[in-house]
Amino acid sequence: MAQVARLAVLTFVFLCAAPATRDAAAQYFGRNKVEYSNFDFRVLATEHFDVYHYPDEAESARLAAQLAERCYSRLSTLLGHKLTGRQPLILYGSQPEFQQTNVVSGILGDGIGGVTDSAKRRITMPFAPTLGETDRILGHELAHAFQFDMVRHGGGSLTWPLWAVEGMAQYLSRGSTDVETEAWLRDAVLHDLLPDSHTTAARRFSPYRFGHAFWAYLAGRFGDKIVVDVLKLRRGGSIARRLQRLTGERLQGLYEDFLASARAHYGTPDDAAGDGRNPEEAVPAPGGAALVQQERGGRMQLGPAISPDGRRVVFFSERDRVSIDLFEADAQTGRILRKLATTTDSLRIESLQAIRSAGAWSHDGSRFGFSAIDRGRPSLVIVDMADPDERQEVRLPKTGQILSPAWSPEGRAIAFSLLRGGITDLYLYDLEARELRQLTNDPFADLHPAWSPDGRQIAFATERFTSQLDPLELGQPGLALLDVASGEVRELEVFEGARHVNPQWSAGGEALYFIADPGGISHVYRLDLATNRAVQLSNEPGGVGGLAETSPALSSAQDTDALALTIYRKGRYEVRVYRDEDTREAAPARAFTTGGMPPAARTDTLVASAITSTAAPAPAVPVATRPYRPDLSLEAIGQPYLSSGGGPLGSYVRGGGSLLFGDLLGERKLLTAFQVGSRLRDFAFAVRFLNQEQRLNWGLLAELEPGLRRLPSRTMTEVEDQPALHSRNDYLVRMQARVGAMLAYPLNRSQRLELIAGVRHARFSREVRARTISLKTGRTLEELRYTEPGGEPATMGELAVAFVGDSAVYAPTGPILGGRYRFEVAPSAGGLSYTRVLADYRRYMMPAKPYTIATRLLHLGQYGRDAHDPRLVPTFLGSRYFVRGYSWSDLRCEWDAAGRCTSFDDLLGSRLFVANLEVRAPLLGLLSRDLTYGVLPLEGFVFADSGLVWSRGRDGSQPMTRRIVNSIGAGVRINAGGMPLEFAVIR
């Protein structure tokens, strides 16, 4: 995945921020990226790479360095380009460890297999479960590095659409023969899913799948050199313009040709059945029901696990459109029985491992076990199926990733694959003795364990018989049997050169079911162990499989020989249930076209030849490593600005900018920002440093910040025996310098503790602009301008303690589930003595899809000796952030005898309480009763706001005043390309 770096804003929640300027963005709330492990990175330097790794993955890092050098040689030769400088490669031993990286800001999902950023051209990635997958992901990310470097050399920047960037990287790393992308394209053609417009296709489909297929077509038609020419074209502009210059055709025309070629290659929608049957019956002899086929069921049903009696199926699905959760369904009707697990309401479970893993039933059907990530650690969760609230959790002591647990027949032990340090081996956990035992130990991946009915053997998928480390020959996984007592492994030879995964035993133990792709499409097969004869059972154009190459997609019932499998059909992953006796002798309905994407006749095969070539020996890499040094370098330059204008205080000229520095691993950040102007009060600067090397984050701040507040007043008077209006504006100018420090300790991804301390010195002045105007003639009778002290300077020591939580689940237009809160106490002592208290609690509930009820209770107040001191900036209740409909532009000023706008002043105070209620729903989902937002996400809402503000007034001498305001209204909220817009009618 390519990532284009933007200027990061380092966020510090310091006590000295004024209440009126605080908002809900940045780190006021926010999820935490927790570094549960303190990675001790070292650097392995090869000819072209600096490979950053830590001791737990030292062995794997050397192998990855060899793969990287080989991939560099391939791409450099293909593209005729050598990368500028050395290429950073940052490796993590597993997906959960990768999700702790600071190189990439924000929370990384399970589906992100790697990131290449444009700022420092860093490749950051975890090891995949198999060496083959790791090699292909590495090739994909290195292709991004070449893209960034080559386009930059041509005087441009890589601002192409995702399909162009990701699709090209897929083609360069996989070529035109790829089981997953070809299955997607075949399914789309045979079910008539491809639209007539390329822009619609780019929006509707995965940029990886669509982009890969489109580049495979372009390279097949015009030759692989088109990829090189597109990247090397100097100042070529957009991808559409580049392709038109090189081919003479517009992008839409090329897409139409691609459509025609794909339809000629794969056939028509009528061919989906292949033997004259209705396309709805493309899979032969269904013995059960397709699960959750209706559109509201979501697009992904993954990792099925069928119960021993064949009556129930547990699988992962995003049918609720909020997260991928674990559901139990009736195997005959497909009816959802209950939700077994979710991450949306858990403070501990961060992932259910839905992409790479599947759960397993105990052989008596009383318990169900699945893998999870619990606060950064691999965990086995065992659910009592009679009472799902009763569950046992086995949390492993070290980092890694548990994949596809399998229950032993007697129910005492669970076997599983464990990805740790970049190596995937089989392990056995004894539930009674609470002991972990390693079953295999080699560099090759061992996946998908399945116990034989007698408990003596474990069938699994492995790379050990198809791969060699020197030369780097990485074959597809094959099948093997492990003798549990002796540890002896025996190969099962079925289809040469094909990928074999996900073995499952028949009820009697005489056969194995598995998924393989000997013809270029993944089907389910039944292998008779006595005769070694394999029979094909499934026949879908989209094949059988999950989101990743080795995702588990097959499960067998031990008592009935029922099968549950994930098929890709009509652009969706569906779970289906079959009876083995109905499919055992079924012949394939049709041999679907395989062997490569269109066009059928390719101009050249340079990319394919480079990918499949293994003639060269494995590149040598050094043994020595060096410690990592966190040196800072420039990461981004903020957009400089220059502005000028005028106002009541005179004309001005201001300019400024910012610079962001960071180390290679993203553990240290330094932000400098400055502003200069034609007046001294326009000068400002900020220097902020953040250290994220360990779980306990800390930061430092030094800044000079000006502030300005306008207090208007109007009075009627007489001048020279004629009525006049005296208008006065007091501009309170505050110039403050402050230094501070912050500690933040994340308890988990949702909760953290903050400790903030600082010293602030503030100076105050008052600039007065007064004018007296004749009401008869409109002539200015008198005008005054002068400056006077605005109060005694104040130096204060400040401290704040905050407890912050954020478990909100977001839709395109805002939170829809979960909650957020911030409770903070912040005393100040010195020139001003007061304590600021903040309590902000928000809750989002969905009693009926797609309606969300959003509530908030907020109190913000200053207490203590100087709580009402006029030098402190008061809070304005009429801010849209608190109560809508009372902004300055909405108010009609009512002037009191002293000439003050009481309507405005009544909403200023040192303490306030706010209650908000809002009901929101996507407009497109109102009729479908689903969370459907569309291309331009639109959300309708109705609301009621209420607020109470109280204070002693500007000088602190008046008695306490209180004001309650209310508003109701309705409106729409739009997400316009990441920019939130809101339009509302308010009473």
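Heads up: the structure comes first, above all this text.
Here's what I pulled together on the structure shown here. (Residues numbered from 1 in each chain as written. Predicted model: local features only at pLDDT ≥ 70, side-chain atom pairs only at ≥ 80, totals over all residues. Heavy atoms only, no water.)

### Overview of the packing of aromatic side chains
One pair of aromatic rings is described through two measures. These are the centre distance and the angle between the planes.
Thinking step 1. The final tally for this structure, using the stated rule, is 36 aromatic pairs.
Thinking step 2. An aromatic cluster is defined as three or more aromatic residues linked by ring pairs; in this entry it consists of Trp163, Phe210, Phe214, Trp215, Tyr217, Tyr255 and Phe258.
Thinking step 3. Stacked on the ring of Tyr881, the Lys or Arg Arg856 has its end atom at 4.9 Å from the ring centre.
Thinking step 4. The ring centre of Phe941 lies 4.2 Å from the NZ or CZ of Arg973, which sits over that ring. (Phe/Tyr/Trp six-rings, centres within 6.5 Å; stacked < 30°, edge-to-face > 60°. Lys NZ or Arg CZ within 6 Å of the ring centre and 35° of its normal.)

### Structural notes on the side chain of Thr399
Thinking step 1. Residue placement: Thr399 occurs in the loop between strand 16 (391–395) and strand 17 (401–407).
Thinking step 2. Residue Thr399 is classed as buried on the basis of its relative accessible area of 8%.
Thinking step 3. There is a polar contact of 3.3 Å between the side chain of Thr399 and the side chain of Glu97.
Thinking step 4. Leave out the neighbours within four places in its chain, and Thr399 touches Ser37, Glu97, Arg377, Pro378 and Arg420. (Helix = DSSP H or I, 4+ residues; strand = E, 2+ residues; numbered from the N terminus. Buried < 20%, exposed > 50% of the residue type's maximum accessible area, 1.4 Å probe, protein only. Polar contact = N/O pair within 3.5 Å; in protein donor to acceptor, adjacent residues only side chain to side chain. Contact = heavy atoms within 4.5 Å.)

### Thoughts on the nonpolar core
Thinking step 1. Residues Leu142, Trp160, Leu185, Phe214 and Trp215 are the most contacted members of the largest nonpolar core, which totals 96 residues.
Thinking step 2. Ranked by the residues each element gives to this core, the list is headed by helix 1 (residues 58–79), at eleven residues.
Thinking step 3. Excluding anything up to four places from it in sequence, Leu142 contacts Phe49, Ala68, Cys71, Tyr72, Leu75, Leu83, Gln87 and Ile123.
Thinking step 4. Of all hydrophobic cores here, the second largest spans 19 residues; its members include Leu877, Phe882, Tyr886 and Val965. (Core = buried A, V, L, I, M, F, W, Y, C linked by side-chain atoms within 4.5 Å.)

### What about the pattern of salt bridges?
Two side chains carrying opposite charge are able to pair once their charged atoms lie near each other.
Thinking step 1. Scanning the entire structure with this criterion turns up 66 salt bridges.
Thinking step 2. Notably, a salt bridge pairs Arg973 with Glu918, separated by 3.0 Å at the nearest N-O pair. Here Arg973, found in strand 51 (residues 961–976), pairs with Glu918, found in strand 49 (residues 911–922); they are 55 residues apart in sequence, far enough to count as distant. Taken as a pair, Arg973 and Glu918 share a single burial class, namely buried. (Salt bridge = Lys/Arg side-chain N within 4 Å of Asp/Glu carboxyl O.)

### Quick look at the pairing of strand 3 (residues 49–53)
Thinking step 1. A large share of strand 3 lies buried, amounting to five of its five residues.
Thinking step 2. By the alternation rule, side chains of strand 3 split into Phe49, Val51 and His53 and Asp50 and Tyr52, which are all buried.
Thinking step 3. For strand 2 (residues 42–45) and strand 3, the ladder comprises four bridges, and the chain directions are antiparallel. Following the sheet pairing, Leu44 is matched in strand 3 by Val51.
Thinking step 4. Where strand 2 hands over to strand 3, the hairpin turn is made up of three residues, counted between the paired strands.
Thinking step 5. Strand direction decides the pairing type here: strand 3 and strand 4 (residues 87–92), joined by four bridges, are parallel. Looking at strand 4, one finds that Val51 is bridged to Leu89.
Thinking step 6. In terms of handedness, the path from strand 3 via helix 1 over to strand 4 forms a crossover that is left-handed. (Pairing = 2+ DSSP bridges. Right-handed = clockwise from strand over helix to strand, strands pointing away.)

### Structural notes on the environment of Asp866
Thinking step 1. In this fold, Asp866 is placed in the loop between strand 46 (851–863) and strand 47 (875–876).
Thinking step 2. Among the residues examined, Asp866 registers a relative accessible area of 12% and is labelled buried.
Thinking step 3. When the C-alpha atoms of Asp866 and Ala970 are compared, they prove to be 40 Å apart, with 104 residues separating the residues in sequence.
Thinking step 4. Setting aside its immediate chain neighbours within four residues, Asp866 contacts Gly831, Leu832, Ser833, Tyr834 and Leu872.
Thinking step 5. Side-chain polar atoms of Asp866 contact the backbone nitrogen of Ser833, separated by 2.7 Å.

### Side note on unusual backbone geometry
With glycine set apart, most residues show a phi of negative sign, and most peptide bonds adopt trans.
Thinking step 1. A cis amide bond, omega 5°, links Pro598 with the succeeding residue Pro599.
Thinking step 2. Secondary-structure assignment places Pro599 in the loop between helix 11 (580–583) and helix 12 (606–612).
Thinking step 3. Phi at Arg235 takes a positive value of approximately 45°, unusual for a residue other than glycine.
Thinking step 4. Tracing the backbone through its elements, the reader meets Arg235 in the loop between helix 8 (225–232) and helix 9 (239–247).
Thinking step 5. A relative accessible area of 60% means that Arg235 is categorised as exposed.
Thinking step 6. One non-glycine residue with positive phi stands out, namely Ser404, at about 50°.

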